[in-house]
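Structural features, examined
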Amino acid sequence: MNGVINFLELAIPGMVAFVLAAQGTMLGGRAGVFNVSQEGLMALGASVGFLVSYKLGGTFGTNMIGLAVAAAAAAAMGLILAYTTTILRLDQFVVGLALFFAGIGLASLLYRVVIGIVPQPPQIDTLDTIPIPLLSEIPLLGPTLFDQDIVVYFMFLLSGLLYWVLYRTNLGMKMRSVGENPRAADAAGISVTKVRFWATALGAALMGMGGAYLPMHFSGIYTDGIIAGRGWLAIALAFVGGWRPQYVLLGAAFFACMEITALELQSSTVIPVEFIETFPYVAALVVMAFIFRRTQVPAFLGRNYDRESRTAS
Amino acid sequence: MTVREVASPTRPVTPPQTPETSVGKRPAWLETLGRWGAQAVPVVAAVAAALLVSALMIAAMGHDVVTAFDSLLTASFDTQFGFVATLHRWVPLTLFALAFTIPLIAGRYNIGSEGQMLVGAAAAAGVGISGSGLPAPVLLPLVLLAGILAGLVWAGIAAWLLDQFGVNEILSTVLLNFVSFGVVLYTAQHLWPDPVGGFPMTDHVAPAAQLPMLGSSPQFHSGVLLVLAVSILVILAIRYTVIGYELRSVGANPRAALIHGVSVRSVAIGALVVGGALAGLAGSIEVAGVQGRLLEGMQSNYLQLGIIIGLIARGSVVAVPLVAFGISVLEIGASAMQRSAEVPVQMVLIVEALILIFILIADILADRITRRRAARAAVVQKLKESSA
């Protein structure tokens, strides 16, 4: 019992980076913009969030400012993606890859410029858990769900909010229609460009925030390569979740469990530790092989809409 | 229309067609030269713009721009060591860029050249160590072949997932990179560990497994010539063979290619697998020519650079080796820049990303100018007809 609680206590914060980045991917994707720069935007978010927080004092309050600035920085990159793909109609994968490099490069450069080369890496406070009164007393559910840090609560609220907006509001229906059939949406008076701009920028902001959470949760230290493929796994997660916020949340639980299992198994002697570390990636590949043909994908995902084009799609 | 059809990097920039000049009696070679010139102008302008923005950034960080740029652009040509270092960097970059470009021509994205190179390097190191009794003419080809085969298999996994299960190849190739790190560590720490090294790396490969060195001090390894030959072969194969034609047709319009009897599935698989083989070759050349062993982190940032080169070359295999050389110059110059002007070496990635972004923008502008000229020519034509 205690083992299960310990495992879930670790796994649920482990979901945060996956959920935020994958919901961001989902958001842009439902409007038809397939962002592939997660890995770069998350690195940028981690670097910017860490640096802002560190320079302001490295406490809980400055961590919150860091998260916000990281989201803003990533959103700015998202706007570049939105502009180049909707107005200039450049290929989404090409721009996404370019932003991936730019994000990784900027993250590393900013850290070097602000911190320089130091013998001991600077550290910020990690986020404290905030137990919710009464609810945190519930056995099993209490310590795992209601005794976590603030970003974990935000993750659950955000997923619920996204579900509500997408499926219960007019705005959400407009957004989904842009991703499914932009021509029809355009004819119905919805501005495809505007919807794509907002969805892409907000989605990128979530990715930046997901990246910024990593140094604030794990060690309080930023290092290059801190994202370690979580950005790419987030794309896989968006597919696994069928581009639906509720299933993305569930899928993230699976991905986080894989990550924590890999950590827990490192002391085992049966499987070499080198291969245990590859566990999350292999699991993602296997899962994708099973779901890829069955999963539902926005019909216009990854394709630019040209209102003056004469072909049917 | 599918995602693949709108892939712009494979679309060549159509030269501005001015009806007046094409009617004129200019010799053919001048026409060709003019067409090349028209293609070069946006590239040169984009590089200049990227360097200008980088200069502003360097100045903003408080460094000496002139010293920085002097090191960045000339370090490769100032000394012979610099030039050899540039050539040795050119080898993997060209192979990585080809590993990205060949699938791109067919509309597929190979983001896994890093993993393909690493398993190639692991296989090459394994053969090079365990075959230490064999003579060089036998062992060296085996080492190179081991790398090629390993890279081929690694890309083959992604190709199989794509073909059988429809798994997006961007995701499968990139996730296999992270799996390959495990392969490297296992090979370097358990199979053939270096007995003294505290860092994850294998023992040295046998001398017979190493590429012969050429030239006088400083020497360069013969992998340079090998890659030159490979580049020429790839160019010839893509331009002048049926397979190359099918590859290009699938990228240009998969539906039309399918209707005309091209097996779109096998072309996609083949392109990914050949890309993987080239990345695997890069791994074995790094082992046999540069490092003499497998070591963790030997892939450096070649993956990103290969993709940047491939995108700057816009899917042209002829442009790949040239662009790769330019990027190698920048890469070698970057560390000189750090020494002379104290600009962090990470700055070079920004310079390269800027070049790419400006080239993409130049593409759009060139396209718009072409369209506007065509529209204007049409109006002129109509006016002429109505007045006649």
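Residues numbered from 1 in each chain as written. Chains lettered and ligands numbered in written order. Predicted model: local features only at pLDDT ≥ 70, side-chain atom pairs only at ≥ 80, totals over all residues. Heavy atoms only, no water.

In this description, a pair of aromatic rings is defined by centroid distance and the angle of the planes. Residue and element names in this part refer to chain A. Enumeration according to the criterion identifies 23 aromatic pairs over all chains in this entry. Taking 5.9 Å as the distance between ring centres and 5° as the angle between the ring planes, the aromatic pair formed by F50 and Y54 counts as stacked. Of the two residues, F50 and Y54 both sit in helix α2 (residues 38-56), 4 residues apart, roughly one turn of that helix. Judged by relative accessible area, which is 32%, Y54 ranks as partly exposed. For the pair Y111 and Y222, a centre-to-centre distance of 5.0 Å together with 45° between the ring planes defines the contact as tilted. Linking Y111 in helix α4 (residues 92-115) with Y222 in the loop between α9 (192-217) and α10 (230-240), this pair joins segments that are 111 residues apart in sequence. (Phe/Tyr/Trp six-rings, centres within 6.5 Å; stacked < 30°, edge-to-face > 60°. Helix = DSSP H or I, 4+ residues; strand = E, 2+ residues; numbered from the N terminus. Buried < 20%, exposed > 50% of the residue type's maximum accessible area, 1.4 Å probe, protein only.)

Here we take up the pattern of salt bridges. Inspection of the entire model under this criterion finds 8 salt bridges over all chains. A salt bridge links E259 of chain A to R230 of chain A, with the shortest nitrogen-to-oxygen separation between them at 3.1 Å. Highlighted residues: E259 of chain A in helix α11 (residues 245-264) and R230 of chain A in helix α10, separated in sequence by 29 residues. Here E259 of chain A falls in the buried class, since its relative accessible area comes to 12%. A residue is classified by how much of its surface remains accessible, and R230 of chain A, at 13% relative accessible area, is buried. A salt bridge links R108 of chain B to E169 of chain B; the shortest N-O distance between them is 3.3 Å. Linking R108 of chain B in the loop between α4 (80-105) and α5 (113-130) with E169 of chain B in helix α7 (residues 169-191), this pair joins segments that are 61 residues apart in sequence. (Salt bridge = Lys/Arg side-chain N within 4 Å of Asp/Glu carboxyl O.)

This next bit is on the side chain of N35 of chain A. With respect to the helices and strands, N35 of chain A occurs in the loop between α1 (2-30) and α2. The contact partners of N35 of chain A, leaving out residues within four places of it in the chain, are T25, L41, L81, M207 and I235 of chain A. (Contact = heavy atoms within 4.5 Å.)

Residues and elements named next belong to chain A. Packing of α11 against helix α13 (residues 279-291) leaves a shortest axis separation of 8 Å and a crossing angle of 145°. At the point where α11 passes α13, the crossing takes the right-handed sense. Across the interface between the two elements, F254, F255, M258, E259 and A262 of α11 pack against F279, P280, A283, A284 and V287 of α13. Its residues assigned to classes, the contact of α11 with α13 shows 9 nonpolar, no polar and 1 charged. (Axes fitted to C-alpha atoms, helices over the stretch in contact; angles between N-to-C directions. Left-handed = near helix turned anticlockwise from the far one by under 90°. Nonpolar A, V, L, I, M, F, W, Y, C, P; charged D, E, K, R; others polar.)

Now for the interface of chain A and chain B. On the chain B side, the residues contacting the 44 residues of chain A number 50 residues. In total, about 4100 Å² of surface goes out of reach between chain A and chain B, with carbon and sulfur atoms giving 78% of it. In this assembly, chain A and chain B are joined by 5 residue pairs in polar contact (both at pLDDT 80 or more). Of all the elements, α4 of chain A adds the most residues to the side of chain A that touches chain B, at 13 residues. Its residues placed into classes, the side of chain A that touches chain B shows 30 nonpolar, 7 polar and 7 charged. (Buried area = accessible area lost by both parts, 1.4 Å probe. Polar contact = N/O pair within 3.5 Å; in protein donor to acceptor, adjacent residues only side chain to side chain.)

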